Amino acid sequence: MAFDLVVRNGVVIDGTGSPGFEADVAVEGERISAIGKHLGPGKKEIDAGGKVIAPGFIDSHTHMDYFLVLYPHGNPVVNFGVTTIVIGDCGASCAPVPSESEPLQVLVSYLRRVLDKYIDAKDWKWQTFPEYLAYLRGRVGINVAALMPHSPVRLTVMGEAAYQREADPEEMAAMKKMVREGLEAGAIGFSTSPRGGPAVHAGTPSTFATQQEIAELANLAAEYGGCFQFNGFGNLLKPESGFPGLVEKVRARMIGNEFRLRPGEKDDGPRGLAYMEEAKNKGKDIYGVVIPYEHVRRFGVEDCFFLEGLPTWEAIRQPADGLRRQLADRAVRRKLEQERIQGAGKPGLPEWLGWERVVFERMERADRKSLQGKSAAEIGRLTSKSPADAFFDTWLEDDLRSRCLYRGFANGHPDLLARMIKSEHGLIGTDVGAHLDRFFWHGAPARVLGYWRREKKLFTLEEAVWKLTGFPASKLMLNRGLLKAGYPADMTVFDPDKFDDLVSKELPEKVDASEVNRHPPGMQAVVVNGKVVVEEGESGDIFPGKVTRQELCVPAL
């Protein structure tokens, strides 16, 4: 009798970190049936000769809550071999839905601010969190591990008071009941955005909650073996923020977003690692979500952030005609450069990483298109000018219309970022579904397996696969992440020499429909619960994803 699927002739890297070995993988139904040489025939077969067969990758932090409705196949992450995502992060999601119009509008406005403008409640076909999971069931191409989000719960229970004050005992009881219902329905944990987190979340309902409220709701998740996710990781290192005190009250495993190197705060990388190690020694499991890229910031003349706050810039920036004349003056340029170096005034960028980081992304004049993609430092070398003069001259030659970018606005120190990525306290995430104009990190698995493994030699191939599969599965308590007989058949088939992220080669303008459907080189096939959902760069119209903790997680002890 034939297997349902056989992937043949590949090198099996099983997600444990153990050495790879040549074998076939056979699937019956939703599970791996056998791994070995010369297995019997399959109703469908994939020839993985020269390729790796690995577990499906796990994305530990996304905002694909409504993105899944728009792109149910799981694009853009499924294109890169991701078979399981976490949603509901940072206390933000599209369920539960407040029944009153003003709290609903507050939720929609908040989601448009922290995710993007595509959020539209008129298309929501659910009210409660269990109804939301029921809607996703049978409609998604990848597995969805959902967190119960704090702000929609607060808005649904408290109405307008959710963004005005603390909860009273009756409201607290109602919130606990709602969170418990979500956990019973299949949430893998609870998430929040506490007061003092990222500025984009300022004023959201969860920031009005006390530490006690947050801890009580998080500890409900602990009862189900679930996790507690929060944003503002850097505040763990600031006792005055109250975050360390919150951690002491929480019994669940904890995941903080985003563990990154902010400008001027590079020491927070090593300090964060030390904090999590010390917490582990005290019996607290805390992990930080790492996006394995340097961040970029786009800018033009209207928002040249690294000059903002410098006294001379603030004096000359308006009107535009006067600015052109001023920037042509070498003495003014020297003064700007001196002020930048000295940190005069109130500089908008607290840490300067060099003119190599300032890139002319788009030139408007046809005779200057050859400079697109070049940094100010490169142009300086080509023209025998200082980098600052090269920047201002090029800008003026393009009538100050150029669009530029700065590479390394966060995570700008590769050596420190490498330590964070490799650490057993760092979980790889993407934030995909949010900030579509500037967060382009959906190719994170390829970034780890390509740039960090092939180019920087940070991992062996087996270690890199483990980092994306068995490791996050163990921290999220998922019954995934391994190639093993009896396990769910979530798999990738890829060429380890060609698999590469696309963003590093071509930064998109935004994450639109074209970008969502762009497939990377080297990814041959993606299998979710025994079904081939991606093959040779095409997503199939098949939706085998699981969406509840009961299906996705190992049972709580």
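Remember, it's a predicted structure, so these values are computed and weren't measured experimentally.

About the thresholds
Residues numbered from 1 in each chain as written. Predicted model: local features only at pLDDT ≥ 70, side-chain atom pairs only at ≥ 80, totals over all residues. Heavy atoms only, no water. Helix = DSSP H or I, 4+ residues; strand = E, 2+ residues; numbered from the N terminus. Buried < 20%, exposed > 50% of the residue type's maximum accessible area, 1.4 Å probe, protein only. Contact = heavy atoms within 4.5 Å. Pairing = 2+ DSSP bridges. Axes fitted to C-alpha atoms, helices over the stretch in contact; angles between N-to-C directions. Salt bridge = Lys/Arg side-chain N within 4 Å of Asp/Glu carboxyl O. Core = buried A, V, L, I, M, F, W, Y, C linked by side-chain atoms within 4.5 Å. Phe/Tyr/Trp six-rings, centres within 6.5 Å; stacked < 30°, edge-to-face > 60°. Expected span 1.5 Å × (residues − 1). Arc of directions from axis to C-beta.

Caption draft 1: Here's a closer look at unusual backbone geometry. Residue P76 follows N75 across a cis peptide bond; omega there is 5 degrees. Relative to the helices and strands, P76 is located in the loop between α1 (67-70) and β7 (82-87). For S384, which is not glycine, the phi torsion reads 55 degrees and is therefore positive. Unusually for a residue other than glycine, K457 sits at a positive phi of about 55 degrees. Its location among the elements puts K457 in the loop between α15 (444-455) and α16 (461-468).

Caption draft 2: Highlighting the environment of S375. Along the chain, S375 falls in the loop between β14 (358-362) and α12 (376-383). Here S375 falls in the buried class, since its relative accessible area comes to 1%. Taking the C-alpha atoms as reference points, S375 and F360, 15 residues apart in sequence, are found 6.1 Å from one another. Beyond its immediate sequence surroundings of up to four residues, S375 is in contact with W355, E356, V358 and V359.

Caption draft 3: Seen up close, the sheet that holds strand β15 (residues 403-407). Across the sheet, 3 strands lie side by side as β13-β15-β14; this open sheet has antiparallel pairing. Two strands lie at the open edges of the sheet, namely β13 (296-299) and β14, each paired on one side alone. Recorded for the sheet is a direction-independent mean angle of 30 degrees between the axes of neighbouring strands. Pairing geometry for β14 and β15, over 4 bridges, is antiparallel. Bridging from a neighbouring strand, F360 pairs with C404 of β15. Each of β13, β14 and β15 is contacted by helix α13 (residues 387-397), which is oriented at about 15 degrees to β14, the strand it contacts most.

Caption draft 4: Spotlight on the pattern of salt bridges. Enumeration according to the criterion identifies 38 salt bridges in this entry. R357 is the salt-bridge partner of E294, the closest N and O atoms lying 3.3 Å from each other. Here the residue E294 occupies a position in the loop between β12 (286-290) and β13, and R357 occupies one in the loop between α11 (330-342) and β14, the gap between them amounting to 63 residues. According to the relative accessible area criterion, E294 is partly exposed, its value standing at 24%.

Caption draft 5: A look at the environment of E339. Counting through the fold element by element, E339 comes out in helix α11. Measuring from C-alpha to C-alpha, the distance between E339 and W313 comes to 9.4 Å, with 26 residues separating the pair along the chain. Discounting residues that sit within four places of it in the chain, E339 has contacts with L310, P311, T312, W313 and A344.

Caption draft 6: Highlighting the nonpolar core. Counting residues in hydrophobic clusters, the biggest one holds 121 residues, and the most contacted among them are W124 and F228. Setting aside anything within four residues of it in sequence, one finds F228 in contact with F190, T192, I214, A218, L246, V250, A252, R253, M254 and I255. C304, I316, M363 and L400 belong to the second largest nonpolar core, which has 29 residues in total.

Caption draft 7: Broad picture of the packing of aromatic side chains. Applying the stated criterion across every chain yields a total of 33 aromatic pairs. Taken together, a centroid distance of 5.3 Å and an interplanar angle of 70 degrees make the contact between F67 and Y118 edge-to-face. In this pair, F67 sits in helix α1 while Y118 sits in the loop between α2 (101-114) and α3 (129-136), placing the two residues 51 residues apart along the sequence. The two residues F67 and Y118 agree in class, both being buried.

Caption draft 8: Here's a closer look at the pairing of β15. Note: β13 against β15, 4 bridges, orientation antiparallel. Considered in β15, the bridge of V296 is made with R407.

Caption draft 9: Seen up close, the sheet that holds strand β9 (residues 189-192). Taken together, the 8 strands give an open sheet; going across it, the order is β6-β7-β8-β9-β10-β11-β12-β16, and neighbouring strands pair in parallel fashion. In this open sheet, the two edge strands, each paired with only one partner strand, are β6 (57-59) and β16 (426-428). Geometrically, the sheet is characterised by an average inter-axis angle of 25 degrees between neighbouring strands, direction not taken into account. The pairing of β7 with strand β8 (residues 143-149) spans 4 bridges and is parallel. Among the inter-strand pairings, T84 is bridged to a residue of β8, identified as N143.

Caption draft 10: Just α2, in detail. Here α2 contains 14 residues, and its C-alpha end-to-end distance of 20 Å stays within 8% of the 20 Å for a straight helix at 1.5 Å per residue. Turning to α2, its buried residues are P103, L107, V108, Y110, L111 and V114. What you see down the axis of α2 is that its buried residues fit within an arc of 160 degrees, all on one side. Those residues of α2 that are buried are in contact with α4 (150-158).

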